[in-house]
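# Summary of structural features
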Amino acid sequence: MQFAKPLLAAFALGSMVALPAHAELDVASLKQSIETSFESEYPKLDALYKDIHAHPEIAFEEEKTAAKLAAEMRAIGFEVTEKVGKTGLVALYKNGDGPTIMVRTELDALPMEEKTGLPYASRDKTIWQERETFVTHSCGHDIHMASWVGTAKTLVGLKDQWKGTLMFIAQPAEEVVAGARAMLADGLFTRFPKPDAGFALHAGVFPYGFVGYRVGVGWSNEDGLYIKFEGRGGHGAMPQATIDPVMMASRFVVDAQSVISREKDPTEFGVVSIGSLHAGTADNIIPDEAVLLGTIRTFNPDVRAKMHDGIERTAKAVAAMANAPAPDIKITEGTKAVVNDAAVVATAEKVLKAAFGDKFRVTPPLTPSEDFSEYINAGVPSMMFNIGVYELEKWAAANKSGTPLPGNHSPLFAPVPKPTIQTGVTAMTLAVLSAFDQRAKGQ
Ligand SMILES: [Zn+2]
Ligand SMILES: [Zn+2]
């Protein structure tokens, strides 16, 4: 997934406020313990992060990455099951009677070339869709993995503070939104316990030390669009003898945007973008078909249904205008919106506000999509939050200059490892502890 501009506004610099005290968990002393443990563990986490960064693997090929994480988790004392959902991992740590709390990381990288020039930059290649390509951790999933291992280690070190089961899962293929489904189909919540609460984090383009969160929709619904317009081919100089599919496709690309501007409530988010349009072979031949591929993004299920309806009607109407057969329309469900649970967020919020103060902020929903939603829709109340990756001064200067620092999926995306992973470990450890604490009280 990838982040967009609204985060800039949410992380505009404000004045620091005094840290409120948390009445129940002693957050200040826990934060201190977490930071002390992190400091002594960091050299190992740094080596793990840089190794994973330098040797990324794409969706469903994350065998070496998964093996590295499995070894780390076994060394901490987790019981690890490999090859869940092809290359996924499930690591359990039982610590008496209590709830099961899940923490997810992703394993996969992207088929693109890294251009950061970092000493640990990836030069690895693979075959992707029948072509050789470089592979790069440009979404930050390597940051997530290091934070995940660091959180596991920290929580085991703090095991006198909680009772229950830690369920740490490492998911393949998030970038193609298929890995969560693969793990669920392979018995994630039947062969293993079904968690009482779940957490995930994502690295984003804002300063390290800051954490962004929200209740409700955090990431969008994503659906794929395929349309084939069938016409009747012929000579480019004799259009009267043809039904021109290029005309139909062109008209559709323009008219589909009126579904956004005229049918959808303008205060609701909705996007349809056509990313691929193929027709014809030569300048003087009217082809017999045109194929379009696009993506549809929404937050709200009613808006989603309305957009699907409007897009289908527009495609059919365009074909009818041309006296062509009805087009072949396929809208394939990608993944549903990530909807953060109000109660899980409220519990974590108290603790994270106490720990991070004004650096823990509500952020707007993000327009990309994330298949963490699959676990939520399978019945696990959850919270997914964002952590910043860049030095505050550089980030602020770049925004001021009008050229923001490189974002997720950019070949230049370059998180600062230590403070970013530290924020991930601290925030995730406290979030998990808050969930154990809340459940222990039976609330
Ligand atoms: Zn991504
Ligand atoms: Zn991602």
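Residues numbered from 1 in each chain as written. Chains lettered and ligands numbered in written order. Predicted model: local features only at pLDDT ≥ 70, side-chain atom pairs only at ≥ 80, totals over all residues. Heavy atoms only, no water.

### Some details on the sheet that holds strand β2 (residues 88-95)
Reading across the sheet, the 8 strands line up as β1-β2-β6-β3-β7-β18-β8-β17 and stay open at both edges, with mixed pairing between neighbours. Of all the strands in the sheet, the pair left with one neighbour each is β1 (79-84) and β17 (360-362). In this sheet, adjacent strand axes meet at a mean angle of 25 degrees when their direction is disregarded. Where strand β3 (residues 100-106) meets strand β7 (residues 197-207), 4 bridges bridge the pair, whose relative direction is parallel. (Pairing = 2+ DSSP bridges. Helix = DSSP H or I, 4+ residues; strand = E, 2+ residues; numbered from the N terminus. Axes fitted to C-alpha atoms, helices over the stretch in contact; angles between N-to-C directions.)

### A few points about the coordination of the zinc ion (ligand 2)
Distances from the zinc ion (ligand 2) to its protein donors, C139 (SG), H141 (NE2) and H202 (NE2), fall at 2.1 to 2.4 Å. The motif formed by the donor residues of the zinc ion (ligand 2), counted along the single chain, is C-x1-H-x60-H. Here the zinc ion (ligand 1) and the zinc ion (ligand 2) are spaced 3.2 Å from one another, each receiving a donor from C139. Linking C139 in the loop between β5 (131-134) and α4 (141-157) with H202 in strand β7, this pair joins segments that are 63 residues apart in sequence. Accessibility assignment for this pair places C139 and H202 in one class, buried. (Donors = N, O, S within 2.8 Å, 3.2 Å for Na, K, Ca; no water. Buried < 20%, exposed > 50% of the residue type's maximum accessible area, 1.4 Å probe, protein only.)

### Observations regarding the pattern of salt bridges
It is possible for side chains bearing opposite charge to pair when their charged atoms get close. Across all of its chains, the model carries 24 salt bridges by this definition. A salt bridge links E41 to K153; the nearest nitrogen and oxygen atoms lie 3.9 Å apart. Of the two residues, E41 is situated in helix α2 (residues 27-54) and K153 in helix α4; the sequence distance between them amounts to 112 residues. On the basis of relative accessible area, K153 is assigned to the partly exposed category, the value being 32%. Salt-bridge contacts for E312 lead to K316; the nearest nitrogen and oxygen are separated by 3.9 Å. Of this pair, E312 and K316 both sit in helix α7 (residues 301-321), 4 residues apart, roughly one helical turn. Owing to a relative accessible area of 29%, E312 belongs among the partly exposed residues under this scheme. On the basis of relative accessibility, which here comes to 46%, the residue K316 falls in the partly exposed class. Where salt bridges share partners, they join R104, E106, E370 and D371 into one cluster. (Salt bridge = Lys/Arg side-chain N within 4 Å of Asp/Glu carboxyl O.)

### Some details on the sheet that holds strand β10 (residues 221-230)
Strand pairing in a sheet relies on backbone hydrogen bonds, with the paired strands running either antiparallel or parallel. An order of β12-β14-β10-β15 is seen for the 4 strands of this open sheet, with the pairing classed as antiparallel. Here the strands that pair on one side only, and so sit at the sheet edges, are β12 (270-279) and β15 (328-335). Shown here is a sheet whose adjacent strand axes are inclined to one another by a mean of 15 degrees, direction ignored. Two strands pair when backbone bridges link them, and β10 and strand β14 (residues 289-298) are joined in this way by 10 bridges, in the antiparallel orientation. Paired with G224 across the strands is T295, a residue of β14. Helix α6 (residues 245-263) rests against β10, β12 and β14 of the sheet, and its axis sits at about 175 degrees to β12. Strands β10, β12, β14 and β15 of the sheet are contacted by α7, whose axis makes an angle of about 10 degrees with β10. (Contact = heavy atoms within 4.5 Å.)

### Observations concerning the pairing of strand β18 (residues 382-390)
Across the 9 residues that make up β18, a large majority, 9, are buried. Where strand β8 (residues 211-213) and β18 come together, 2 bridges link them in antiparallel fashion. Considered in β18, the bridge of G212 is made with N386.

### A few points about the packing of aromatic side chains
Summed over all chains, the structure comprises 13 aromatic pairs. Ring centres of Y49 and Y120 lie 6.0 Å apart, and the angle between their planes is 65 degrees; this geometry places the pair in the edge-to-face category. Placement of Y49 in helix α2 and of Y120 in the loop between β3 and β4 (125-128) is noted, with a sequence separation of 71 residues between them. Overall, the relative accessible area of 1% leaves Y49 in the buried class. Here the aromatic cluster, defined as three or more aromatic residues joined through ring pairs, consists of F78, Y93, W148, W162, F168 and F436. (Phe/Tyr/Trp six-rings, centres within 6.5 Å; stacked < 30°, edge-to-face > 60°.)

### Digging into the side chain of T151
By the element assignment, T151 lies in helix α4. Given the relative accessible area of 0%, T151 is considered buried. For T151, the residues in contact, after removing those within four places along its chain, are F168, G424, V425, M428 and T429.

### A closer look at the pairing of β3
One face of the sheet, then the other: side chains in a regular strand alternate in exactly this way. By the criterion of burial, β3 is predominantly enclosed, with 7 of the 7 residues buried. The two faces of β3 match: T100, M102, R104 and E106 on one face and I101, V103 and T105 on the other face are all buried. Taken together, the 7 bridges between β3 and strand β6 (residues 164-171) define a ladder with parallel strand orientation. Counterpart to I101 in the pairing with β6 is L166.

### Some words on the packing of α6 against α7
Contact geometry of α6 with α7 gives a least axis separation of 9 Å together with a crossing angle of 145 degrees. For the crossing formed where α6 meets α7, the hand is right-handed. On α7, the residues that touch M248, R251, F252, D255, A256, V259, I260 and E263 of α6 are K306, M307, G310, I311, R313, T314, A315, V318, A319 and M321. When grouped by side-chain class, the residues that make up the contact of α6 with α7 number 11 nonpolar, 2 polar and 5 charged. (Left-handed = near helix turned anticlockwise from the far one by under 90°. Nonpolar A, V, L, I, M, F, W, Y, C, P; charged D, E, K, R; others polar.)

### Digging into helix α8 (residues 342-356)
The terminal C-alpha atoms of α8, which comprises 15 residues, lie 20 Å apart, in line with the 21 Å expected from a rise of 1.5 Å per residue. Of all the bends in α8, the greatest, near 30 degrees, is centred on E349. The backbone nitrogen of A343 lies 3.1 Å from a side-chain oxygen of the residue at the head of α8, namely D341. With its phi angle positive at about 55 degrees, G357 sits one or two positions after the end of α8. (Expected span 1.5 Å × (residues − 1). Bend = angle between axes of the 7 residues up to and from the residue. Polar contact = N/O pair within 3.5 Å; in protein donor to acceptor, adjacent residues only side chain to side chain.)

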